[in-house]
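Observations on chain architecture
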Amino acid sequence: MDLLNAIIALSNFVIIPAVAYGSQLALGALGVTLIYGILRFSNFAHGDTMAFGAMVTVLVTWLFQSWGINLGPLPTALLALPFGILGCMGLVLATDRMVYRFYRTQKAKPVIFVIVSLGVTFVLNGIVRFIIGPDDQRFLDGERFIISARTFKEMTGLREGLAFKTTQGITIVTAIIVVVLLFWFLNRTRTGKSMRAYSDNEDLALLSGINPERVVRVTWLIVAALATIAGVLYGLDKSFKPFTYFQLLLPIFASAIVGGLGSPLGAIAGGFVIAFSEVTITYAWKKVVTYIVPESMAPDTLLQLLSTDYKFAVSFLILLVVLLFKPTGLFKGKSV
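Residues numbered from 1 in each chain as written. Predicted model: local features only at pLDDT ≥ 70, side-chain atom pairs only at ≥ 80, totals over all residues. Heavy atoms only, no water.

What about the packing of aromatic side chains?
Tallied over the entire structure, the rule returns 14 aromatic pairs. Arranged with centres 5.3 Å apart and planes meeting at 80°, the rings of F44 and F253 form a pair that is edge-to-face. Of this pair, F44 sits in the loop between α1 (2-39) and α2 (46-66) while F253 sits in helix α11 (residues 249-259); the two residues are 209 residues apart in sequence, bridging distant segments of the chain. Relative accessible area serves as the criterion here: at 9%, F253 is assigned to the buried category. Members of the aromatic cluster, connected to one another through ring pairs, are F41, Y100, F102, Y103, F113 and W220. (Phe/Tyr/Trp six-rings, centres within 6.5 Å; stacked < 30°, edge-to-face > 60°. Helix = DSSP H or I, 4+ residues; strand = E, 2+ residues; numbered from the N terminus. Buried < 20%, exposed > 50% of the residue type's maximum accessible area, 1.4 Å probe, protein only.)

Dropping the structure here:
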């Protein structure tokens, strides 16, 4: 029985949160890796692009809530999500036309694009803060739990209760659907194959008659959709705060680099590697270990390697190790 309690505690505080967080990071890292693989630069504005798409979704959600429109047990934000995606698509297309297109026609070096994207980051961050404010914004409604800890205890008679939040379930299911659709698009459609060809060899793709501007436009549209979905899912699971998305840039880039920049499959794997690393290293293992070991050997300390305040340090450390020893990542993407 104690072993079952240990498994439930581990699932409740490590496995389920890490899977949900990993799904969010994977979606964010997919956007980063698409930009790097196809447009050939590291987009430092990706975190604030997520924030902008999530902000539009939050504003539309509040509008729907004021009108009494909802989805019952599901968050109203799911209804507002398409509007957030459209708003983010408009943003990235406008940014590309007004900013990135000039440097693309000038055949600027990737480092120039990185610096420019950093400038775009500060502009977007200011816009989002000006519109919605710098503080936490709550927009979650509907049922909070698919199953609550109390209900689970009553059903099983165990000491530990398993709490599975609605937002965690939505995150995992949505991530699976989005990833399947993205891989189908990239591997089965003519446009997706054009994007892959352009990524592999730009000159050969141009000789084959592929329209580079169309490839760029479609890439930005996909990235906007991925960024908005990732941003909204993270905001629903935690809360929406503009500066948090700037901080998320580190674990998202770490996920993309660990998996292999330019590799969509690597981005997904990297997202879960980073998520499980952050959660396991910052989790206090005292409760789980107490269930497993004899009572006389029960630990007195929390058995926590790092405080949760330092979870981004875990991403930085993993990123540093990968850059030093395997810069192509787990799935042999493009070297950083």
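Some points on the pattern of salt bridges
Tallied over the entire structure, the rule returns six salt bridges. For E202, the salt bridge is made with R40, and the minimal N-O distance between the two is 3.6 Å. Remark: R40 occurs in the loop between α1 and α2 and E202 occurs in helix α8 (residues 202-207); sequence separation between them is 162 residues. For R40, a relative accessible area of 26% corresponds to the partly exposed category. (Salt bridge = Lys/Arg side-chain N within 4 Å of Asp/Glu carboxyl O.)

Points about helix α3 (residues 77-105)
Of all the bends in α3, the greatest measures close to 45° and is centred on D96. The set of residues buried in α3 consists of A77, A80, L81, G84, I85, C88, L91, V92, T95, D96, Y100 and R104. Backbone geometry just after α3 places K107 at a positive phi near 55°. (Bend = angle between axes of the 7 residues up to and from the residue.)

Examining the side chain of D237
When you line up the elements, D237 lands in helix α9 (residues 212-237). In this structure D237 touches A20, Q24, K165, T167 and Q168, once residues within four positions along its chain are discounted. (Contact = heavy atoms within 4.5 Å.)

Points about the nonpolar core
Grouped together as the largest cluster of nonpolar side chains are 84 residues, with contacts concentrated most on L27 and F240. Per-element accounting of this core gives the leading share, 16 residues, to α9. Beyond its immediate stretch of four places on either side in the chain, L27 contacts A175, V178, V179, L226, I229, A230 and L233. V14, V279, Y283 and Y291 belong to the second-largest nonpolar core, a separate cluster that totals eight residues. (Core = buried A, V, L, I, M, F, W, Y, C linked by side-chain atoms within 4.5 Å.)

A few points about a nonpolar patch on the surface
A contiguous nonpolar patch, built from L63, W67, I69, L71, L74 and L79 and spanning about 510 Å² of accessible area, is present on the exposed surface. As for its placement among the helices and strands, L79 is situated in helix α3. Residue class for L79 comes out partly exposed when judged on its relative accessible area of 32%. (Patch = residues over 30% accessible without salt bridge, like charges linked within 9 Å, V, L, I, M, F, W, Y side chains within 5 Å. Areas by Shrake-Rupley, 256 points an atom, 1.4 Å probe, with all protein chains shown as cover.)

Thoughts on the layout of surface pockets
Rolled over the atoms, a probe with the dimensions of a water molecule shows which regions are left empty. In this model, the largest pocket occupies a volume close to 690 Å³. P17, K165, Q168, D237 and K238 are, among the 27 residues lining the largest pocket, the residues nearest its centre. Those elements that provide at least two residues to the lining of the largest pocket are α1, α6 (166-188), α9 and α12 (264-282). A per-element tally of the lining of the largest pocket places α1 first, with five residues. Tallied by class, residues from the lining of the largest pocket come to 11 nonpolar, nine polar and seven charged. (1 Å grid on protein atoms, 1.4 Å probe; cavity = no way out; pocket = protein on both sides within 12 Å on 5 of 7 lines; lining within 4 Å. Points joined across faces, edges and corners; volume = space filled by probe spheres on them. Nonpolar A, V, L, I, M, F, W, Y, C, P; charged D, E, K, R; others polar.)

Quick word on empty space enclosed by the protein
This structure, assessed with the given rule, holds two cavities of 30 Å³ or more. For the largest cavity, the calculated volume is near 60 Å³. What lines the largest cavity is simply N43, A45, T49, L91, V92, T95, Y100, V120, L124 and W220. Counting only elements with at least two residues in the lining of the largest cavity, the list comes to α3 and α4 (110-132).

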